[in-house]
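# Residue-level structure breakdown
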Amino acid sequence: MDFSLSEEHIMIRDAARDFAQTELLPGVIERDNAQTFPNELVRKMGDLGFMGIMVDPKYGGSGMDAISYVLIMEELSKIDASASVMVSVNNSLVCYGLESYGSEAQKQKYLTKLATGEQIGAFCLSEPEAGSDATSQSTTAEDKGDYYLLNGTKNWITNGGRAGVYLVIAQTDREKGHRGINAFIVEQGMEGFHVGPKEDKLGIRGSDTHTLQFNDVKVPKENRIGEDGFGFKFAMKTLSGGRIGIAAQALGIAAGAYELALKYSKERKAFGTEICNHQAIAFKLADMHTEIEAARMLVMRAAWDKDQGNNYDMSSAMAKLYASKVAMEHTVEAVQIHGGNGFVKEYHVERLMRDAKITQIYEGTSEIQKIVISRGVIKG
């Protein structure tokens, strides 16, 4: 076993860390308050290769591995989880889905723009009545010969307002159950496609999350991904990789909160000494450091499995389950270590605590991860 990073991985991590500190940190509180994320920062992330990290260079991507991806995600998430979730969705769900399962024509038309950040993508699976139960799709795609007629509603869609390309999961033949589901590429601006109001969220407030409505949207037949009935399998395979990205996001949120708490504990004094010298605080820091390192090992293992071509369904589920738990628990502890200062925006940890919660919910709740893990355990 080799636990050391290569020189290339260290350079990639440091580049992401420098971008997060110099570009994301200034204004992050204001962006959270205003629920905005500037397009110029998205373009800068594209220029650095962060929007197509694992995409083959022939399609405009960076051609990096999954280890590089989680290193970038961790560093961005330490500072701004709203930025990192845009990177995660574009990379793990949209670019990966198109590169792995799209036709060459689809890759040339859409992937090349997504990988460079010229456009950003959105993944549309969740509905008002279909979140964890992804088989219960109410959105329909009626086969009309040379096109499909798309009708329905998708909600909680990350990048919903700013995306140019949407991967939409819809039911084509209800009698076939999950084998009657397809995945379609929908473009912003197609007639009948409407972006609803932005959600007012607890955390990741700089990320735009919207409800989408499809009213008789004509989707060309060539915009279906894969064979007829491939949509559910497409969604599940894509989400397995997405869990690695969100696990890395949770790891970054936890690590960011820990670093702030450690720094504060060395500066704040109580009873005549820095609070890190009090056992109550020192033990909190010890627990945080240990569990964050454990989460990092799980995240790296899942990324390594993906790079090696191994099945990573279980390892990605375990990484997301544990890293999101650590993020939630230790951002709370970071607020506690800051005391009253932790409850105000100036010290950042309250925002990290709010951002942490979503990592236990999106791209498969913690309960869904336990289903995936338990099935793997039982099957052996």
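Fair warning: this is a prediction, and the values are worked out from it, not measured in the lab.

Time to look at the overall build of the protein chain. Of regular secondary structure, the protein chain possesses eleven helices and ten strands. The principal-axis extents of the C-alpha atoms in the protein chain amount to approximately 80 × 45 × 40 Å. Within the span of the protein chain, comprising 380 residues, buried residues form 53% of the whole. Accessible area of the protein chain: about 16500 Å², with a carbon and sulfur share of 52%. Side chains of the protein chain carry 42 positive and 51 negative charges; the gap between the two charge centres is 2 Å.

With numbering aligned to this structure, UniProt lists the feature "domain: Acyl-CoA dehydrogenase/oxidase C-terminal" (unreviewed entry) at residues 231-377. The distance separating the terminal C-alpha atoms of residues 231-377 is 26 Å; by composition the span is 78% helix and 3% strand.

A few words on the environment of Leu251. As for its placement among the helices and strands, Leu251 is situated in helix H7 (residues 231-267). Between the alpha carbons of Leu251 and Ser68 there is a distance of 14 Å; along the sequence they are 183 residues apart. Excluding anything up to four places from it in sequence, Leu251 contacts Glu74, Ile292, Ala295, Arg296, Val299 and Ala323.

Note: strand E3 (residues 147-158) against strand E7 (residues 209-220), nine bridges, orientation antiparallel. Within the sheet, the bridge partner assigned to Leu150 lies in E7 and is Val217.

Taken as a whole and assessed by the stated rule, the structure comprises zero disulfides. Lacking any disulfide linkage, Cys95 is separated from the closest cysteine sulfur, that of Cys124, by 14 Å. On the basis of relative accessibility, which here comes to 1%, the residue Cys95 falls in the buried class.

As a further point, take the packing of aromatic side chains. Applying the stated criterion across every chain yields a total of ten aromatic pairs. When the centroid spacing of 6.3 Å and the interplanar angle of 85 degrees are considered together, the rings of Tyr96 and Tyr101 count as edge-to-face. Aromatic side chains Phe193 and Phe214 sit 4.9 Å apart centroid to centroid with 10 degrees between the ring planes, which places their arrangement in the stacked category. Here Phe193, found in strand E6 (residues 193-198), pairs with Phe214, found in strand E7; they are 21 residues apart in sequence, far enough to count as distant. Residues Phe193 and Phe214 agree in their burial class; the two are buried. Through a chain of ring-to-ring contacts, the aromatic side chains of Tyr96, Tyr101, Phe123, Phe230 and Phe234 assemble into a single cluster. Positioned over the ring face of Tyr147 is Lys218, at 5.1 Å from the centre of the ring.

Another aspect to go through is the packing of helix H9 (residues 313-338) against helix H10 (residues 349-358). Between H9 and H10, the shortest axis-to-axis distance is 8 Å and the interhelical angle comes to 165 degrees. One element, H9, and the other, H10, form an angle in the roughly antiparallel class. Relative to H10, H9 is oriented so that their crossing is left-handed. Contacts from Ala327, Met328, Thr331, Val332, Ala334, Val335 and His338 of H9 reach H10 at Val349, Glu350, Leu352, Met353, Ala356 and Lys357.

Turning to the side chain of Gln137, a few remarks are in order. Note on placement: Gln137 falls in the loop between strand E1 (121-124) and strand E2 (140-143). When residues no more than four places from it in sequence are discounted, the contact partners of Gln137 are Leu125, Glu127, Ala130, Lys154, Ile169, Gln171, Arg174 and Ile181.

Let us now look at the pattern of salt bridges. This structure, assessed with the given rule, holds 22 salt bridges. The salt bridge partner of Glu187 is Lys109, with a shortest N-O separation of 3.5 Å. Here Glu187, found in strand E5 (residues 181-187), pairs with Lys109, found in helix H6 (residues 104-116); they are 78 residues apart in sequence, far enough to count as distant. Where Asp305 meets Arg301, a salt bridge forms, and the shortest distance between an N and an O atom there is 3.2 Å. Of this pair, Asp305 and Arg301 both sit in helix H8 (residues 279-308), four residues apart, which is roughly one turn of the helix. Assessed through its relative accessible area of 3%, Asp305 is described here as buried. Residues joined in a network through salt bridges with shared partners are Arg17, Glu75, Lys78 and Glu259.

Another point: helix H3 (residues 39-47). Listed in full, the buried residues belonging to H3 are Leu41, Val42, Met45 and Gly46. Buried residues in H3, looked at end-on, bunch into an arc of 145 degrees, giving them a common side. Turning to H3, the residues buried within the fold contact helix H1 (7-24), helix H2 (28-34), helix H4 (66-79), helix H5 (81-101) and H6. Gly49, located one to two residues past H3, shows a positive phi value of around 90 degrees.

Turning our eyes to something else, we now look at the side chain of Asn182. Mapped onto the elements, Asn182 comes out in strand E5. On the basis of relative accessible area, Asn182 is assigned to the buried category, the value being 0%. A polar contact of 2.9 Å, which involves the side chain of Asn182, links it to the side chain of Thr172. Among residues more than four places away in sequence, those in contact with Asn182 are Val168, Ile169, Ala170, Thr172, Arg224, Glu227, Asp228, Gly229, Phe230 and Gly231.

Quick notes on the rules
- Residue numbers run consecutively from 1 along every chain, following the written order of its sequence.
- Since the coordinates come from a predicted model, pLDDT governs what is reported: local features require at least 70, and pairs of side-chain atoms require 80 or more to be given and counted, while whole-chain, interface and lining totals use all residues.
- By convention in this description, side-chain values take in all heavy atoms of the structure and omit both hydrogens and water.
- Helix and strand definitions here come from DSSP, where helices need a minimum of 4 consecutive H or I residues and strands a minimum of 2 consecutive E residues; each element is numbered from the N-terminal end.
- Partly exposed describes any residue whose relative accessible area lies between the buried limit of under 20% and the exposed limit of over 50%, with all areas from a 1.4 Å probe on protein chains only and scaled to the type maximum.
- Methods summary: accessible areas were calculated by the Shrake-Rupley approach with a probe of 1.4 Å, and residue burial reflects only the protein chains presented.
- His is not counted, nor are the chain ends, whereas Lys and Arg count as positive and Asp and Glu as negative.
- Charge positions come from single atoms, namely NZ of Lys, CZ of Arg, CG of Asp or CD of Glu.
- UniProt positions are given in the numbering used here, feature names are shortened, and annotations may be inferred rather than shown by experiment.
- Note on contacts: a residue pair qualifies if any of its non-hydrogen atoms lie within 4.5 Å across the two residues.
- If DSSP finds at least two bridges between two strands, the strands pair.
- Defined by distance alone, a disulfide is two cysteine sulfur atoms within 2.5 Å.
- Aromatic rings from Phe, Tyr and Trp, with only the six-membered ring used for Trp, were paired whenever their centres fell within 6.5 Å, and each pair was classed as stacked if the ring planes differed by under 30 degrees, edge-to-face if by over 60, and tilted otherwise.
- For a Lys NZ or an Arg CZ to count as sitting over a ring, it must be within 6 Å of the ring centre and within 35 degrees of the ring normal.
- Only the contacting stretch of a helix is used when fitting its axis, a line to C-alpha atoms as for every element, and angles between N-to-C directions run 0 to 180 degrees.
- Oblique is the label for every angle not falling under 35 degrees (roughly parallel), over 145 degrees (roughly antiparallel), or within 65 to 115 degrees (roughly perpendicular).
- Crossings are classed by handedness, with left-handed meaning an anticlockwise turn of the near helix from the far one by less than a right angle and right-handed meaning a clockwise turn.
- One side-chain nitrogen of Lys or Arg within 4 Å of one carboxyl oxygen of Asp or Glu is enough to make a salt bridge.
- In this context, the arc is that of the directions from the helix axis out to the C-beta atoms.
- The term polar contact refers here to a pair of N or O atoms within 3.5 Å; inside protein, the definition further demands a hydrogen-donor-capable atom paired with an acceptor-capable atom, and it admits residues adjacent in sequence only when both atoms are side-chain atoms.

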